[in-house]
Amino acid sequence: MAVPVAFFALFFAYPVTAIVGRGLKAEGAWQFGRIGEVLSRPDILDVLWFTTWQALASTALTLLIALPGAYVFARFDFPGKQVLRAVVTVPFVLPTVVVGTAFLALLGRGGLLDELWGVRLDTTVWAILLAHVFFNYAVVVRTVGGLWSQLDPRQEEAARVLGAGRFAAFRRVTLPALAPAVAAAALMVFLFTFTSFGVVQILGGPAYSTLEVEIYRQTAQLLDLPTAAVLTLVQFAAVGGILAVHAATVRRRERALKLVDPAQTSRRPRGAGQWALFGGVLLTALLLILLPLGVLVERSLDGAGGYGFGYYEALQSVGAGGSSTFLVPPLEAVGNSLRYALVATLIALVIGGLAAAALTRRAGRLVRGLDALLMLPLGVSAVTVGFGFLITLDKPPLDLRTSWILVPLAQALVGVPFVVRTMLPVLRAVDDRLREAAAVLGASPLRAWREVDLPLVRRAVLVAAGFAFAVSLGEFGATVFIARPDNPTLPVAVARLLGRSGELNYGQAMALSTILMLVCAVSLLLLERIRTDRSGEF
């Protein structure tokens, strides 16, 4: 526990506390009366209400659409499975500004829906909900599907033999076993949609505002730091309460499970019902995932003189077309993002792995409180974290303002919760008697973990690494404040290009977004191949 607690205290609690303190302090004294003043304003109450209900609606809609996909990826074996699994994960790493632009091309004025049926969904809540499902589809598919593929199907088959119907067997046998993974996925989706920023700002227009959007508006546009600090505290308290309820609820449902080799549970679809389900999932992936991604590719190739690679060629030079957006060629952002993401993934695996191992022991309230602490970065404003880094990590011995490590540290804060939430359900499903048998045979605790736990959770470790790498590639909220101008990441570079007028800047933004999409797809495909090649070791 010591390393994870120290990491979060230094790089999360300290920066957030410092920035909130600056907003609530005046002449050296705390001004807690500002909290009541801000929360009594009707416009702030409207923001709180919309933030909560759109997050609940987005979570429910994502579970409804993604759970069938989790079943298909867990139980069915079909050609191109690894490629499709990587493709559905790509949206998770795309910058929100890019996704918002892509959905505007689909749902806004002159978009595909407008051209075919004369219907526009931009500036409506439906556009926001669909974009949130697009983002979080992979969270449910990979988190729930990872455990589902390791559940022994013979337990459900035994219930069927004893007279239970297909739905009854699923509800009484499989669903209770999946409950911790489903709850973990729902929690992550809710936290991401509760703190949604780019999607709401671009697709919702001035009519809709979440807490994250309002914090940014109060900080960057109105320069009202006290109001932003109060909203950050509200967001922090809400997320903390949700995590506490989640931890108490899920702990009662966790139990040891019999885990098997995923290769033993997957087979080709059989029967009309399974083929219909398989076809429905493929159609969902086509309309929900591939169509918006196809828009990005099409716009990156559609230049003034027709289709070609002009925008990609412009990425290799500084100031193409008279632009002074970058100090270095925009294409260098690709290498920067890969280096940062690899370091952030390593940090997230070490911190998250140690935390998951500690949480597995269920040793008292202190350990259980760590579970909620590790999830807080997903629910606290990235704007607050970014500003906090700037004002706290600027003095010896932690003067990191000019150090490259600052960006991976910020990215790892978001990656650690995914590592913990992915590994923890599998670790807690390992039968304690296996560890006890290893101890009786003379194995030390470290060797027992290496010989018993690690082989069973290696699949979860690889999934966690993929998630950490993906979110590091696409992290934008905090990175935009701390990335150096001569070392931009891909999301920061895309945002800078979109923030400038001109067809060339917009085309370059689409080209960089396409590169980000392809880099993520290739990385995840390699991860899938490694995981499949080692499946015989489980």
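How each quantity is defined
Each residue is numbered by its place in its chain's sequence as written, counting from 1. This being a predicted model, a pLDDT of at least 70 is required before a residue's local features are given, and a value of 80 or more before pairs of side-chain atoms are given or counted; all residues contribute to the totals for chains, interfaces and linings. To obtain the side-chain values, all non-hydrogen atoms of the structure were used and water was disregarded. Take a side-chain nitrogen of Lys or Arg and a carboxyl oxygen of Asp or Glu: if they are within 4 Å of each other, that pair is a salt bridge. Numbering of helices and strands runs from the N terminus, with a helix taken as a DSSP run of H or I at least four residues long and a strand as a DSSP run of E at least two residues long. Buried means the residue's accessible area, taken with a 1.4 Å probe over protein chains only, is under 20% of the maximum for its type, while exposed means over 50%, and partly exposed covers the values in between. With a 1 Å grid spanning the protein atoms alone, the term cavity applies to any set of points in which a 1.4 Å probe fits but cannot get out, the term pocket to an open set with protein on both sides within 12 Å along at least five of seven lines, and the term lining residue to any residue with an atom within 4 Å of a point. Grid points are joined across faces, edges and corners, and a volume is the space filled by probe spheres set on the points. Classification used: nonpolar for Ala, Val, Leu, Ile, Met, Phe, Trp, Tyr, Cys and Pro, charged for Asp, Glu, Lys and Arg, polar for all others including Gly. A patch consists of residues exposed above 30% relative accessible area that lack any salt bridge, with like charges linked at up to 9 Å and nonpolar side chains (Val, Leu, Ile, Met, Phe, Trp, Tyr) linked at up to 5 Å. For accessible areas, the Shrake-Rupley method is used with a probe of radius 1.4 Å. Any residue's cover is judged against the shown protein chains and nothing else. When charges are counted, Lys and Arg are positive and Asp and Glu negative, with His and the chain ends excluded. Charge coordinates come from a single atom per side chain, which is NZ of Lys, CZ of Arg, CG of Asp or CD of Glu. Residues grouped as a nonpolar core are buried Ala, Val, Leu, Ile, Met, Phe, Trp, Tyr and Cys residues, joined through side-chain atoms within 4.5 Å. We call two residues in contact when some of their heavy atoms are within 4.5 Å. Classification of ring pairs rests on two measures: the distance between centres of Phe, Tyr or Trp rings, Trp counted by its six-membered ring, which must be within 6.5 Å, and the angle between planes, read as stacked under 30 degrees, edge-to-face over 60 and tilted in between. Think of each axis as a best-fit line through the C-alpha atoms, taken over the contacting stretch in the case of a helix, with angles from 0 to 180 degrees between the N-to-C directions. Every angle not falling under 35 degrees, over 145, or within 65 to 115 is termed oblique; those three ranges are roughly parallel, roughly antiparallel and roughly perpendicular. Handedness of a helix crossing follows the sense of rotation of the near helix relative to the far helix, less than a right angle counterclockwise being left-handed and clockwise being right-handed.

Student: What exactly am I supposed to notice about the pattern of salt bridges here?
Tutor: It is possible for side chains of opposite charge to pair when their charged atoms get near one another. Following the criterion strictly, the structure yields 3 salt bridges and no others. A salt bridge links Glu-214 to Arg-217; the nearest nitrogen and oxygen atoms lie 2.7 Å apart. Residue Glu-214 and its partner Arg-217 are both found in helix H11 (residues 211–221); the two are separated by 3 residues, about one turn of the helix. Residue classification places Glu-214 among the buried residues on the basis of a relative accessible area of 4%. Taking the relative accessible area as the measure of exposure, Arg-217 reaches 30% and is therefore partly exposed. Salt-bridge contacts for Glu-451 lead to Arg-450; the nearest nitrogen and oxygen are separated by 4.0 Å. According to the relative accessible area criterion, Glu-451 is partly exposed, its value standing at 46%.

Student: What exactly am I supposed to notice about the layout of surface pockets here?
Tutor: Sizing a probe to match a water molecule and rolling it over the atoms shows the empty space that remains. Its boundaries defined by the atoms lining it, the largest pocket holds a volume of some 910 Å³. Thr-96, Phe-197, Ala-382, Phe-476 and Gly-477 are the residues nearest the centre of the largest pocket, which is lined by 38 residues in total. Where the lining of the largest pocket is concerned, the elements lending two or more residues are helix H5 (96–107), helix H7 (125–148), helix H10 (198–204), H11, helix H17 (382–392), helix H18 (406–429), helix H20 (445–474) and helix H21 (479–482). Ranked by residue count, the leading element in the lining of the largest pocket is H10, at 4 residues. Partitioning the lining of the largest pocket into residue classes produces 27 nonpolar, 9 polar and 2 charged.

Student: Hey, could you run me through a positive patch on the surface in this one?
Tutor: A cluster of basic residues, Arg-160, Arg-166, Arg-267 and Arg-270, forms a positive patch at the surface. Mapped onto the fold, Arg-267 is located in the loop between helix H12 (225–253) and helix H13 (271–301).

Student: So what exactly am I meant to see when it comes to the nonpolar core here?
Tutor: One finds Phe-7 and Phe-389 to be the most contacted residues of the largest nonpolar core, which totals 154 residues. Every residue in contact with Phe-7, bar those within four places of it in the chain, is listed here: Phe-12, Ile-347, Ile-351, Leu-409, Ala-412 and Leu-413.

Student: Whenever I open this one, the packing of aromatic side chains confuses me. Can you help?
Tutor: Centre-to-centre distance and the angle between the planes together describe a pair of aromatic rings. Applying the stated rule across the entire model yields 15 aromatic pairs. For the ring pair Phe-134 and Phe-135, a centre distance of 6.2 Å and an interplane angle of 70 degrees mean the geometry is edge-to-face. Taking the relative accessible area as the measure of exposure, Phe-134 reaches 1% and is therefore buried. Exposure remark for Phe-135: the relative accessible area of 10% places this residue in the buried category. Put simply, the rings of Phe-7, Phe-8, Phe-11 and Phe-12 pair up and form one aromatic cluster.

Student: Explain the packing of H7 against H20 here, please?
Tutor: Relative orientation and spacing of two packed helices are given, respectively, by the angle between their axes and the distance between those axes. Two numbers describe how H7 lies on H20: the axes approach to 10 Å, and their chain directions differ by 170 degrees. Taken together, the axes of H7 and H20 lie roughly antiparallel to each other. H7 and H20 meet at a crossing whose hand is left-handed. Residues Ala-138, Val-139, Arg-142, Thr-143 and Gly-146 of H7 form the contact with H20, whose participating residues are Arg-459, Val-463 and Phe-467. Among the residues making up the contact of H7 with H20, the classes are represented as 4 nonpolar, 2 polar and 2 charged.

Student: Mind showing me how you'd approach a nonpolar patch on the surface here?
Tutor: A cluster of nonpolar side chains, namely Leu-112, Leu-116, Trp-117, Val-119, Leu-283, Leu-286, Leu-287, Leu-290 and Leu-291, defines an oily patch on the protein surface of about 850 Å² accessible area. Take the nonpolar patch: its biggest share by element is 5 residues, from H13. Position of Leu-286 relative to the elements: it lies in helix H13.

Student: What should I look at first to understand the side chain of Thr-489 in this one?
Tutor: Here Thr-489 lies in the loop between H21 and helix H22 (490–498). The contact partners of Thr-489, leaving out residues within four places of it in the chain, are Ala-333, Ser-337, Tyr-340, Val-407, Gln-411 and Thr-479.

Student: I'm lost on the packing of helix H1 (residues 2–24) against H18 in this one. Help?
Tutor: At a closest axis distance of 11 Å, the pairing of H1 and H18 adopts a crossing angle of 120 degrees. With respect to H18, the element H1 is oriented oblique. Handedness of the H1/H18 crossing: left-handed. Contact residues: H1 offers Phe-7, Phe-8, Phe-11 and Phe-12, while H18 offers Leu-409, Ala-412, Leu-413 and Val-416. Here the residues of the contact of H1 with H18 sort into 8 nonpolar, no polar and no charged.

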